[in-house]
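The residues making up each chain are set out below.
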Amino acid sequence: MSLYSRITGTGSYLPPRRLSNADLAAQLARDGVETSDEWIIERTGIRARHFADPGVGASDLAVQAARGALVASGRSAADIDLIIVATSTPDMVFPSTASMVQHKLGIAGCPAFDVQAVCTGFVYALTVADAMVRTGSARCALVIGAEVFSRILDFKDRTTCVLFGDGAGAVVLESAEQPGVLATDIHADGKHRDILCVPGHVAGGAVTGHPLLRMDGQAVFKLAVGVLEQTARTTLARAGLSEGDVDWLIPHQANIRIMQSTARKLKLPEGKVVVTVDSHGNTSAASIPLALDVAVRDGRVQRGQLLMLEGVGGGFTWGSVLLRY
Ligand code: UT7
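Cut-offs used in this document
- Residues numbered from 1 in each chain as written.
- Predicted model: local features only at pLDDT ≥ 70, side-chain atom pairs only at ≥ 80, totals over all residues.
- Heavy atoms only, no water.
- Phe/Tyr/Trp six-rings, centres within 6.5 Å; stacked < 30°, edge-to-face > 60°.
- Helix = DSSP H or I, 4+ residues; strand = E, 2+ residues; numbered from the N terminus.
- Buried < 20%, exposed > 50% of the residue type's maximum accessible area, 1.4 Å probe, protein only.
- Axes fitted to C-alpha atoms, helices over the stretch in contact; angles between N-to-C directions.
- Parallel < 35°, antiparallel > 145°, perpendicular 65-115°, else oblique.
- Left-handed = near helix turned anticlockwise from the far one by under 90°.
- Contact = heavy atoms within 4.5 Å.
- Nonpolar A, V, L, I, M, F, W, Y, C, P; charged D, E, K, R; others polar.
- Domains from an automatic or database assignment.
- Buried area = accessible area lost by both parts, 1.4 Å probe.
- Salt bridge = Lys/Arg side-chain N within 4 Å of Asp/Glu carboxyl O.
- Polar contact = N/O pair within 3.5 Å; in protein donor to acceptor, adjacent residues only side chain to side chain.
- Pairing = 2+ DSSP bridges.
- Expected span 1.5 Å × (residues − 1).
- Near = heavy atom within 4 Å.
- Areas by Shrake-Rupley, 256 points an atom, 1.4 Å probe, with all protein chains shown as cover.

Undergrad: Please clarify how the packing of aromatic side chains should be interpreted in this entry.
TA: With the rule as written, the count across this model stands at three aromatic pairs. Considering the side-chain rings of Phe149 and Phe164, the 5.2 Å spacing of their centres and the 25° angle between planes classify their relative orientation as stacked. Highlighted residues: Phe149 in the loop between strand E6 (140-148) and helix H6 (158-161) and Phe164 in the loop between H6 and strand E7 (166-176), separated in sequence by 15 residues. With a relative accessible area of 2%, Phe149 lands in the buried category. For Phe164, a relative accessible area of 2% corresponds to the buried category. Judged by centre distance (6.3 Å) and plane angle (45°), the rings of Phe316 and Trp318 are tilted.

Undergrad: Please clarify how the packing of helix H7 (residues 217-239) against helix H8 (residues 256-265) should be interpreted in this entry.
TA: To describe two helices that pack against each other, one gives the angle between their axes and the distance between the axes. Closest axis-to-axis distance for the H7/H8 pair is 9 Å, and the angle between their directions is 40°. Considering their axes alone, H7 and H8 lie oblique with respect to each other. Read as a crossing pair, H7 and H8 show a hand that is right-handed. Where H7 abuts H8, its residues Phe221, Ala224, Val225, Leu228, Glu229 and Arg233 lie against Arg257, Ile258, Ser261, Thr262 and Lys265. Of the residues that constitute the contact of H7 with H8, the class distribution is five nonpolar, two polar and four charged.

Undergrad: Is there a simple way to explain the domain arrangement of the chain in this structure?
TA: One frequently used descriptor of interface size is the decrease in accessible area upon assembly of the parts. One can read the domain layout of the chain as domain 1 (4-178) and domain 2 (182-324). When each unit is reduced to the centre of its C-alpha atoms, the spacing between domain 1 and domain 2 is 14 Å. The interface of domain 1 with domain 2 comprises 52 residues on the first partner and 46 residues on the second. Buried surface at the junction of domain 1 and domain 2, both sides included, amounts to about 3,600 Å², of which 64% is carbon and sulfur. If you sort the residues of domain 1 by the area they bury against domain 2, Cys119, Val123 and Tyr124 come out on top, with a joint share of 16%. Taken together, domain 1 and domain 2 are joined by zero salt bridges. Between domain 1 and domain 2 we count 21 residue pairs in polar contact (both at pLDDT 80 or more) in total. Every element with two or more residues in the side of domain 1 that touches domain 2 is listed here: strand E1 (4-13), helix H2 (37-44), strand E3 (48-50), helix H3 (58-73), helix H5 (121-134), E6 and E7.

Undergrad: Which parts of the structure should I look at to understand the pairing of strand E15 (residues 317-324)?
TA: The two faces of the sheet receive side chains in turn, since in a regular strand these alternate between them. In terms of burial, E15 is a largely internal element, seven of the eight residues being buried. Here strand E14 (residues 306-313) folds back onto E15 in antiparallel fashion, the turn holding three residues, of which Gly315 has a positive phi close to 145°.

Undergrad: Which parts of the structure should I look at to understand H3?
TA: An α-helical turn contains 3.6 residues, so any two residues separated by three or four positions project in the same direction. For H3, with 16 residues, the first-to-last C-alpha span of 22 Å sits near the 22 Å given by 1.5 Å per residue. Those residues of H3 lying buried are Ala58, Ser59, Leu61, Ala62, Val63, Ala65, Ala66, Ala69, Leu70 and Ser73. Just downstream of H3, Gly74 is the residue with a positive phi angle, here 75°.

Undergrad: How should I be thinking about the site of the ligand in this particular structure?
TA: Near the ligand you find 23 residues, and of these Thr35, Arg158, Gln218, His252 and Asn255 are the closest. Taking Gly217, its main chain carries an N or O atom lying 3.0 Å from a nitrogen atom of the ligand. The contact in question runs from an oxygen atom of the ligand to an N or O atom on the side chain of His252, over 2.8 Å. In isolation the ligand exposes 960 Å². Once the protein is present, 73% of that is buried. Contributing elements (two or more residues each) for the shell around the ligand: H2, H6, H7 and H8. Classifying every residue of the shell around the ligand by side-chain character gives eleven nonpolar, eight polar and four charged.

Next up, the structure:
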């Protein structure tokens, strides 16, 4: 049995269709919905998002990110013995997106399942994979966050449709003698389920309820800032470390103001926060592994550094993973 799990490779993928704020504003204006590049940048820090073309599903984005992570780790798909996909926008009601990914990677037999914790999904998935690797039920896992949020956006609602995008990020997580994941912390509180939701479902062959995203932005904002500080302190305490030890904060990429506020509360300089929300918007479960992969590939994140990954989102859910890269 291995003592630890460790990330050995990262990958990410954004679909090619990129819409700047100006592109999106022009598109929305045709339907009488008013927004502007200035408003979006000032309130969120977002400059552009990517949307998948019709017919492209979360599993397609996930496979691209997974291939990148496999190459980076020096592994092949045949080495993978566990696949967990965090998504709220699966290809189908069932089977799982993870099963689709497994098949598209040309492998069979290993367990493959989805985790649904909206924007905290990747933190949940990594927590589950870490536990499975440490207890010996997996040795080489693919952990993926993949979303096509464009499919559940209400393009008549300017308070939400400008915020989200599509994408995927992935890591290969392997058993190791050295850490690795040092501490994890995940939570949910269903009493806040209505502040961020897609309150529809399939019944009797039709969609019932409202199948598009609804959000009380200010309520989410307030809750997010508090729980992100709490969960970061919890994982640091579990690992016997302090804020000053953190090399990089890699938060869920929803809004630059939430990230700045979390960094301030943790007394981390803004230069230690990985920010990619400007280039892809909020990609829900994909945002943390996407940001991680960008920072690994541009050389900011180095082997041996201490990374704080933290997420927050619908459910209400939140959590963090503290790891030595
Ligand atoms: O993954 C986790 C999910 N989500 C989040 O983390 C989001 C958390 N919340 C937020 O990021 C912010 O609350 C938002 C970015 C969603 C909104 O920012 P805000 O500073 O809370 O703005 P607001 O809702 O107070 O709206 C301010 C004004 C309103 O106009 P009035 O009533 O002051 O005249 C809105 O109607 O901005 C207006 N507005 C817009 N104007 C132009 C709202 N959306 C837009 C828009 N373009 N897209």
